[in-house]
Amino acid sequence: MERIPCTGCSLLCDDVLIGTDGIFIDKIYGACLKGKERFDQLAAKNRLTSPMIRKNGKLENVSWDVALERIKQILTDSSKPLLYGFSTSSCEAQLKGITLARKISGFIDSNSIICQGKALNVAKETGMTLTTLTEIINKTDLIILWGSNAAESIPRLLNKILFSRGKFRMTGREIKTIIIIDPVKTASFGVMQIRDVALHIEHGKDLELIRVLKEECCKEGNFPEKEVAGIDKEEFKRLLLNLVGAENGVIFVGQGILRTQSDDNVIRELLELVQIINARQEKGRMSLALLGGHYNMVGFEQVALSITGKNHSLQFSDNKLIETKDTIITKIEKDDFDSSIIVGTDPISHFPFSLSKNMASKPIICIDNRKSATSDIADVILPSAITGIECDGLAYRFDHVPIQLKKVLNPPSGVSTDEEILNQIIQKLDVS
Ligand code: SF4
């Protein structure tokens, strides 16, 4: 048996065991269903294994040379290429992606821009109290899931943090309180016990709740007379007392806040709320953890920040990074692009129809290991290895801790890693 980090989600569980003969993986222990699906992708029906180009409206298998030649043609004819995705690639591949963007005067963004990147942007101005998984396991007595259905999106997270004792306690679940703030009764509500608090906030009222909490945190003993954001006064009181009374609390900020609310103020005021609580606390500490979905969304932020000083939305021109307020969304909305390179993601399925339609109207180069709506309409497809199983590399867990991924199998014949593919494109463009 061999221990291997799972790349099924941003928890990057490093306690999964597999049995392999070097050709197949025949035993998997410790992974959740989502993690097992990641391993199932090795032999899935939708696996991409051959380069393809579109001819007369149809995708046809071709050699790598022919596919790379077509990519060169597209990129040579393009003056405003977009590069997008990279959150299921290793940091090494992300670095190559940024190198390619610089070379072709492109705009590069990762999935993080519609997720936790928003919070990191705000944190540049306000600061942010973050924590790590280890600290949560060992010290936390209050866990708040805010707009996050952790039970389904990060399936083993609650097992690890809610039912563990931690290093410094003889007690476990019995002293831990979980509070879930969500307009929808998600699967995560299933873990709740008598001491826990389920708060069904009205949809889109997070900012209202945060503002009242900020006010109330500054007062002694007074609580609002009326319900707040759909939460009655008794529930509100329990929330507030837990927030200001926890020894070590963590707020998991999920997609419900990060993704659906375009207004940065929600995140800004949440960060301020945490600062107010920490200023008021004499012994305790409140921290945040940002829950992204894809396993290396944080990696892109780290790589981009370390080499450009900016964590995402990088616009290059003449080999230089230039100032821009654009994101992948505004670029597509404004039609400010003429081709796109999509790596390991499926924007055609995930973006609103108007954006997908715009993207579909320009040539698409798709680098991925699975078929998707994006690969279905792409002009060129390059099949990639599954990172974390068929190639190694570095990835960053949701709490910004680096985890080294392992290669345990070779990719199918003729299939390359994201890093190698991006490098081949760079080299192809160098050949005149
Ligand atoms: S929780 Fe995430 S990383 Fe852990 S086994 Fe499941 S899919 Fe893999």
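Residues numbered from 1 in each chain as written. Predicted model: local features only at pLDDT ≥ 70, side-chain atom pairs only at ≥ 80, totals over all residues.

Trainee: Help me understand the pairing of strand S17 (residues 380-383) in this model?
Mentor: On a regular strand, one side chain projects to one face of the sheet and the next to the other, so that they alternate. Burial of the side chains of S17 extends over both faces: Val-380 and Leu-382 are buried on one face and Ile-381 and Pro-383 on the other. In terms of strand pairing, strand S4 (residues 52-55) meets S17 through two bridges, oriented antiparallel. The residue of S17 that forms the bridge with Met-52 is Ile-381. Bridging between strand S16 (residues 364-368) and S17 involves four bridges; their strand directions are parallel. Among the inter-strand pairings, Asp-368 is bridged to a residue of S17, identified as Pro-383. (Buried ≥ 20, exposed ≤ 12 C-beta atoms within 10 Å, placed from the backbone. Helix = DSSP H or I, 4+ residues; strand = E, 2+ residues; numbered from the N terminus. Pairing = 2+ DSSP bridges.)

Trainee: I tried to follow the packing of helix H2 (residues 64-77) against helix H17 (residues 418-430) on my own but got confused; where do I start?
Mentor: Across the interface, H2 lies against H17 with an axial gap of 10 Å and an inter-helix angle of 65 degrees. Put simply, H2 runs roughly perpendicular to H17. In terms of crossing hand, the pair formed by H2 and H17 is right-handed. Of the residues in H17, those in contact with Leu-68, Ile-71, Lys-72 and Leu-75 of H2 are Gln-424, Ile-425, Lys-428 and Leu-429. Its residues placed into classes, the contact of H2 with H17 shows five nonpolar, one polar and two charged. (Axes fitted to C-alpha atoms, helices over the stretch in contact; angles between N-to-C directions. Parallel < 35°, antiparallel > 145°, perpendicular 65-115°, else oblique. Left-handed = near helix turned anticlockwise from the far one by under 90°. Contact = placed C-beta atoms within 7 Å. Nonpolar A, V, L, I, M, F, W, Y, C, P; charged D, E, K, R; others polar.)

Trainee: Looking at this model, I keep getting lost on the sheet that holds strand S3 (residues 25-29). Mind explaining?
Mentor: The strands that make up a sheet pair up through hydrogen bonds in the backbone, lying either parallel or antiparallel. Reading across from one edge, S1-S2-S3 is the order of the three strands in this open sheet, with antiparallel pairing throughout. This sheet does not close on itself; its edge strands, each paired only once, are strand S1 (2-4) and S3. If you compare each strand with its neighbour and ignore which way they point, the axes differ by 35 degrees on average. Both strand S2 (residues 16-20) and S3 contribute to a ladder of four bridges, which runs antiparallel. If you follow Ile-18 over to S3, its bridge partner there is Ile-28.

Trainee: Before we go on, may I ask you to explain the environment of Glu-282 in this structure?
Mentor: Tracing the backbone shows Glu-282 in the loop between helix H11 (264-280) and strand S12 (285-290). Separated by 35 residues in the primary sequence, Glu-282 and Glu-247 place their C-alpha atoms 9.6 Å from one another.

Trainee: Which parts of the structure should I look at to understand unusual backbone geometry?
Mentor: As a rule of thumb, non-glycine residues mostly have phi less than zero, and peptide bonds are mostly trans rather than cis. In this structure, Ser-313 is a non-glycine residue whose phi angle is positive, near 55 degrees. The backbone phi angle of Asp-335 is positive, close to 65 degrees, even though this residue is not glycine. Secondary-structure assignment places Asp-335 in the loop between helix H13 (328-333) and strand S15 (339-343). Exposure remark for Asp-335: the 11 C-beta atoms within 10 Å place this residue in the exposed category.

Trainee: Got a minute to help me understand the sheet that holds strand S8 (residues 142-146) in this structure?
Mentor: Read from one edge of the open sheet, five strands run S10-S9-S8-S11-S12, paired in parallel fashion. The strands lining the two open edges of the sheet, one partner per strand, are strand S10 (197-199) and S12. Taken pair by pair, the neighbouring strands of this sheet meet at an average axis angle of 15 degrees, ignoring direction. Two strands pair when backbone bridges link them, and S8 and strand S11 (residues 248-253) are joined in this way by five bridges, in the parallel orientation.

Trainee: Which parts of the structure should I look at to understand helix H9 (residues 233-245)?
Mentor: In a regular helix each residue adds 1.5 Å, so 13 residues correspond to 18 Å; H9 covers 18 Å between its end C-alpha atoms and thus fits that length. Those residues of H9 lying buried are Phe-236, Leu-239 and Leu-243. For H9, the buried positions fall inside an angular range of 60 degrees around the axis, keeping them on one side. Away from its buried face by more than 90 degrees, H9 exposes Glu-234 and Leu-241. (Expected span 1.5 Å × (residues − 1). Arc of directions from axis to C-beta.)

Trainee: Just checking my understanding: could you explain the site of the ligand for this structure?
Mentor: With respect to spatial proximity, 14 residues lie near the ligand, and among them Cys-6, Gly-8, Cys-9, Cys-13 and Gly-35 are the closest. Considering only residue class, the shell around the ligand consists of ten nonpolar, two polar and two charged. (Near = placed C-beta within 6 Å.)

Trainee: It is not clear to me how helix H1 (residues 33-40) should be interpreted in this structure. Could you clarify?
Mentor: Because an α-helix completes one turn every 3.6 residues, residues spaced three or four positions apart along the sequence face the same direction. Turning to H1, its buried residues are Gly-35, Arg-38 and Phe-39. Viewed along the axis of H1, the buried residues span an arc of 95 degrees, placing them on a single side of the element. In this structure, H1 carries Leu-33 and Glu-37 as exposed residues pointing more than 90 degrees from its buried face.

Trainee: Is there a simple way to think about the nonpolar core in this case?
Mentor: The tendency in soluble globular proteins is for nonpolar side chains to be buried as a group. In this structure, Ile-144, Ile-251, Phe-252 and Val-253 are the most contacted members of the largest nonpolar core, which totals 112 residues. Of all the elements, H11 adds the most residues to this core, at seven residues. In this view, Val-253 contacts Ala-119, Trp-146, Gly-147, Ser-148, Leu-258, Leu-270, Leu-288, Leu-290 and Leu-291; residues no more than four positions away in its chain are not counted. Counting six residues, the second-largest nonpolar core is a separate cluster that includes Phe-39, Ile-386, Ile-389 and Cys-391. (Core = buried A, V, L, I, M, F, W, Y, C linked by C-beta atoms within 7 Å.)

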